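As a plain string of letters, each chain reads:
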Amino acid sequence: MKILVVGGGGREHAIIWKLKQSSKAGEIHCAPGNGGIAQLAKCVPLSATDIDGITAYAKAEAFDLVIVAPDDPLYLGLADRLLAEGIRTLGPKADGARIEGSKVYAKQLMQKYGIPTAACAVFSDYEKALAYVRSCPLPVVIKADGLALGKGVLICETGKQAQAALEDIMINKVFGDAGSRVVVEEFLQGPEVSVLAFCDGKTILAMESAQDHKRAFDHDEGPNTGGMGTFSPSPKYTDAVRAEVEEKIFARTLKALIDEGIDYRGVIFFGLMLTEKGPKLLEYNARFGDPEAQVVLPRLKNDLIDVIEAVIDGRLGELTLEWDARSAVCVVAASGGYPGAYTKGLPITGLDAVDGAVVFHAGTEIKDKNLATSGGRVLGVTALGQDTEQARRTAYAQIKKIHFEGMQYRTDIGIK
């Protein structure tokens, strides 16, 4: 099969790495790709949000399959365009991608269908939002409505922080139009667990659980990021918790999509909080999580193309997902200063010395025939082990072999 993967981060590298293990995989292209992906696929200089350009390229190249991996192009309707051209596509249409593209819509859907979630209020007026926040118990969670590169969720522990968050989102527009509305939520406590699931419009088939580390620094300190590392499976996601999540969150989500007339064919990311009052849904993503895909896909035993075709054809109910019993840990190497300002174009060395782990590239490029940094999250080092501790020891032993100026990473991934 001739395949196009849209995107250029660690998630896309993990997807392509997994696709290459299939006997069905032929020529693979990636738009735009990155320095690591270029070793596995043909990278084409098209932005993931260039809907016209990607559609035209997909038609001209006659791909057998297109996988739309990031959130932005899905919300902008890339899957709609490709499907209209008769191109087999993994990824929800714009109406389905709205569960991620609008936090307001997602919360309304959860409330309408009785999906356990945090209590919330929605505002488009700054003064009204501020007045409400001042009446809320602290901490409080403030979310920009639209897509914000995984950084639009702010946990505010003081009234001053909450006011600054509202000013940044609604007045200073640090997330652009994504901040035209905000969701103000109660602060929930408990372990966070991520569960990815395939959905073919009729069936939801969950993958193995994972736990992400969002804060920039050790001990969950510092600003929120797109994710500094993750591990799978989560010991908190017990059989009892799984059964409750499947009944109250997965099944009700599927009913919501069907009843709303949404034919959802792709991946759904469920961000869960395991509270004292039971599991609650924090958010949906309309695609593979990143870096969660970097620990979940290496544990998947099934041929990924077989699963994707079952999703597209509505045959997911016929499949059983099989998993490597080993644990996986991914540690992210980030640019100095991330998630704030950082320098690009720095040479990366030491990758040739890595042994016993897979390195997924997130923000790299080929510069003067050498590998260099091009983003905030640069690399994800993923290792498997008999348990989480063994996997994390291997991942950390290997990441120490890699170097670029200012490189930073957390030292506590997998401990919690």
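Please refer to the structure higher up on the page.
Residues numbered from 1 in each chain as written. Predicted model: local features only at pLDDT ≥ 70, side-chain atom pairs only at ≥ 80, totals over all residues. Heavy atoms only, no water.

Caption draft 1: Summary view of the sheet that holds strand S2 (residues 28-32). Within the open sheet, the five strands sit side by side as S3-S2-S1-S4-S5. Their pairing is parallel. Lying at the two open borders of the sheet, with one neighbouring strand each, are strand S3 (42-43) and strand S5 (89-90). Note: strand S1 (residues 3-7) against strand S4 (residues 65-68), four bridges, orientation parallel. Within S4, the position partnered with valine 5 by the bridge is isoleucine 67. (Pairing = 2+ DSSP bridges. Helix = DSSP H or I, 4+ residues; strand = E, 2+ residues; numbered from the N terminus.)

Caption draft 2: Layout of the pattern of salt bridges. The full count for this structure, using the stated rule, is 26 salt bridges. One salt bridge connects arginine 81 with aspartate 52, and the closest N-O pair in it is separated by 2.9 Å. Of this pair, arginine 81 sits in helix H4 (residues 78-84) while aspartate 52 sits in helix H2 (residues 51-61); the two residues are 29 residues apart in sequence, bridging distant segments of the chain. Classification of arginine 81 as partly exposed rests on a relative accessible area of 35%. Residues arginine 88 and glutamate 309 are paired through a salt bridge, measuring 3.8 Å at the closest nitrogen-oxygen approach. With arginine 88 in the loop between H4 and S5 and glutamate 309 in helix H11 (residues 304-313), this pair connects stretches of sequence that are 221 residues apart. Connected via shared salt-bridge partners are Lys24, Arg88, Asp306, Glu309, Asp313, Arg315 and Glu318. (Salt bridge = Lys/Arg side-chain N within 4 Å of Asp/Glu carboxyl O. Buried < 20%, exposed > 50% of the residue type's maximum accessible area, 1.4 Å probe, protein only.)

Caption draft 3: Looking closely at the sheet that holds strand S6 (residues 120-123). Spatially, four strands are ordered S6-S9-S7-S8 in an open sheet, and the strand pairing comes out antiparallel. In the strand order of this sheet, the two ends are held by S6 and strand S8 (153-156), each with one partner. Averaged over all neighbouring strand pairs, the angle between strand axes comes to 20°, with direction disregarded. By the bridge criterion, four bridges tie S6 to strand S9 (residues 182-186) in an arrangement that is antiparallel. Of the residues in S9, the one forming a bridge with valine 122 is valine 183. Helix-sheet contacts for helix H7 (residues 126-134) involve S6, strand S7 (140-144) and S9, and the interaxial angle to S6 is about 160°. (Axes fitted to C-alpha atoms, helices over the stretch in contact; angles between N-to-C directions. Contact = heavy atoms within 4.5 Å.)

Caption draft 4: Up close: the nonpolar core. Leu4, Val66, Ile99, Ile268, Phe270 and Tyr284 are the most contacted members of the largest nonpolar core, which totals 48 residues. When residues in this core are grouped by element, the largest group, seven residues, is from helix H9 (residues 239-259). Counting residues in each nonpolar core, the second largest holds 40 residues, with Ile3, Cys30, Phe269 and Leu300 among its members. (Core = buried A, V, L, I, M, F, W, Y, C linked by side-chain atoms within 4.5 Å.)

Caption draft 5: Up close: the packing of helix H1 (residues 10-19) against H11. Running from N to C, H1 and H11 point in directions that differ by 105°, and their axes come no closer than 8 Å. On the basis of their axis angle, the class for H1 and H11 is roughly perpendicular. Counted together, Ile15, Lys18 and Leu19 of H1 and Leu304, Ile305 and Ile308 of H11 form the full contact between these two elements. Residues that form the contact of H1 with H11 fall into these classes: five nonpolar, no polar and one charged. (Parallel < 35°, antiparallel > 145°, perpendicular 65-115°, else oblique. Nonpolar A, V, L, I, M, F, W, Y, C, P; charged D, E, K, R; others polar.)

Caption draft 6: Spatial organisation of the layout of surface pockets. Taken as a whole, the second largest pocket encloses approximately 410 Å³ of empty space. Lining the second largest pocket are 17 residues, and of these Lys151, Val153, Leu154, Pro223 and Asn224 lie nearest its centre. Considering only residue class, the lining of the second largest pocket consists of ten nonpolar, three polar and four charged. (1 Å grid on protein atoms, 1.4 Å probe; cavity = no way out; pocket = protein on both sides within 12 Å on 5 of 7 lines; lining within 4 Å. Points joined across faces, edges and corners; volume = space filled by probe spheres on them.)

Caption draft 7: Looking closely at the side chain of aspartate 290. Its location among the elements puts aspartate 290 in the loop between strand S16 (278-285) and helix H10 (293-296). A polar side-chain atom of aspartate 290 sits 3.2 Å from the main-chain amide nitrogen of arginine 11. With sequence-adjacent residues up to four places away left out, aspartate 290 is seen in contact with Gly9, Gly10, Arg11, Gly226 and Arg377. (Polar contact = N/O pair within 3.5 Å; in protein donor to acceptor, adjacent residues only side chain to side chain.)

Caption draft 8: Local environment of empty space enclosed by the protein. Enumeration according to the criterion identifies two cavities of 30 Å³ or more in this entry. Lining the largest cavity we find Ile67, Val68, Ala69, Leu74, Leu90, Gly91, Pro92, Gly266, Val267, Ala286, Arg287 and Phe288. Estimates place the volume of the second largest cavity at around 40 Å³. Residue lining of the second largest cavity: Asp290, Pro291, Gln294, Val332, Phe360, Ala362, Arg377, Leu379 and Gly380, and that is the complete set. By residue number, the principal contributor to the lining of the second largest cavity is strand S21 (residues 377-385), which donates three residues.

Caption draft 9: Region of the structure containing the state of the cysteines. Here the structure, examined in full by the defined rule, presents zero disulfides. Left unpaired, cysteine 30 is separated from the closest cysteine sulfur, that of cysteine 43, by 5.4 Å. Its relative accessible area of 0% is what places cysteine 30 among the buried residues. Cysteine 136 forms no disulfide, and the closest cysteine sulfur to it belongs to cysteine 156, at a distance of 11 Å. (Disulfide = S-S within 2.5 Å.)

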